[in-house]
Amino acid sequence: MSEEAIVKKAEAKETPEQRKRRMDWFFHLLYIIVWPYFRLIHPLRMDWFFHLLYLVVWPYFRLIHPVHAVGRENVPEGPAVICPNHTTAGDPFYVVFAFGYKRPMRAMAKVQIMRVPFIGWILGKAGVFGVDRDTTDLKAVRTSMKFLKEGDKLLMFPEGTRVHDGEDVQAKVGAALFATRAGVPLLPVYIQRKKRRFRRNTVVIGEPYYPEYQGRKPSTEELQEIAQELMDRVRVLGEGVG
């Protein structure tokens, strides 16, 4: 091979920088072609990420902590504030799997969880948002009202924290406040307190109801009464369940 041919071959060989520019150009072109389809016809909404997370976590619960749902027919169409008791960190998953794949919901979680790298990101994409329990978190309030007004179901624990056997915690008024402001029903839910491995864990879904109060807006005392009535309804659902 002549010296001139060798030089031409060397010049024709693609450098790493050229390869990178070519791949970047290809992906940008592909993005421009595909983006309108997903943006206009099949946008990736929160429900998509919710369903993805559901499918990832479901096999574990199906095998290790199977859920037995009672009263699934009580789940209303449209927005509602879902209000379960709270005893373990896995309670949100028990509720989600009791409602089923076709009933996505948004959920309120303590802000520390949402700050965990990647975990917080994927939860946020699936409709979970953080709340700072040590302050009046106006951002969390606005987010809750936004979801309810858009027709979503909102999962939150009225007790505000995990409650163990023998503890007596006064219910927080957040669920009552959101339900009365947004004009949506409260949905009491009881999660079996003592979770069992490889045996069915019962979740009882009660009937939705609209809280009653005097005037255009409930007073502080009425909100506390609504919150207490809500937890009384949850406890009644758990009679005989354990």
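A quick note: this is a predicted structure, and the numbers were derived from the prediction, not measured.

*Asks:* Requested: an account of a positive patch on the surface, with residues and values cited.
*Replies:* On the surface, Lys 149, Arg 181, Arg 216 and Lys 217 cluster together into a patch of positive charge. Mapped onto the elements, Arg 216 comes out in the loop between β7 (201–205) and α9 (220–237). Overall, the relative accessible area of 71% leaves Arg 216 in the exposed class.

*Asks:* Explain the nonpolar core residue by residue, including any values.
*Replies:* Ranked by internal contacts, the top residues of the largest apolar core, which has 25 residues, are Ile 82, Val 95, Phe 99, Met 105 and Val 189. Those elements that provide at least two residues to this core are α3 (46–63), α4 (91–99), β3 (106–110), β6 (186–191) and β7. The element that contributes the greatest number of residues to this core is α4, accounting for six residues. Residues Met 108, Ala 140, Leu 154 and Met 156 belong to the second largest nonpolar core, which totals 21 residues.

*Asks:* Run through helix α8 (residues 174–182), naming residues and quoting values.
*Replies:* Where α8 is concerned, the buried positions are Ala 175, Ala 176, Phe 178, Ala 179 and Thr 180. As for α8, its buried residues are in contact with β2 (80–84), β3, α7 (138–149), β5 (153–155), β6 and α9. Positive backbone phi, approximately 70°, marks Gly 183, located one or two places after α8.

What counts, and at which threshold
- Just so you know, the residues in each chain are numbered from 1, in the order the chain's sequence is written.
- Local features in this predicted model are restricted to residues whose pLDDT is 70 or higher, and side-chain atom pairs enter the listing and the counts only when it is 80 or higher, whereas totals over whole chains, interfaces and linings include all residues.
- Side-chain measures here rest on the full set of heavy atoms in the structure, leaving out hydrogens and waters.
- Patches draw on residues past 30% relative accessible area with no salt bridge. Two like charges within 9 Å are joined, as are two nonpolar side chains (Val, Leu, Ile, Met, Phe, Trp, Tyr) within 5 Å.
- Per-residue accessibility takes into account occlusion by the displayed protein chains alone, with areas from the Shrake-Rupley method and a 1.4 Å probe.
- Every case where a carboxyl oxygen of Asp or Glu lies within 4 Å of a side-chain nitrogen of Lys or Arg is listed as a salt bridge.
- When charges are tallied, Lys and Arg are placed among the positive residues and Asp and Glu among the negative ones, while His and the ends of the chain are skipped.
- Charge coordinates come from a single atom per side chain, which is NZ of Lys, CZ of Arg, CG of Asp or CD of Glu.
- Each helix is a run of DSSP H or I of at least 4 residues and each strand a run of E of at least 2, with the numbering of both proceeding from the N terminus.
- Categorising residues by exposure relies on relative accessible area from a 1.4 Å probe, with only protein chains included: less than 20% of the type maximum marks a residue as buried, more than 50% marks it as exposed, and the intermediate range marks it as partly exposed.
- Joining through side-chain atoms within 4.5 Å is the link that ties buried Ala, Val, Leu, Ile, Met, Phe, Trp, Tyr and Cys residues into a set, and such a set is a nonpolar core.
- Note on contacts: a residue pair is in contact if any heavy atoms of the two residues lie within 4.5 Å.

Without other data, these values stay purely geometric and don't point to any function.
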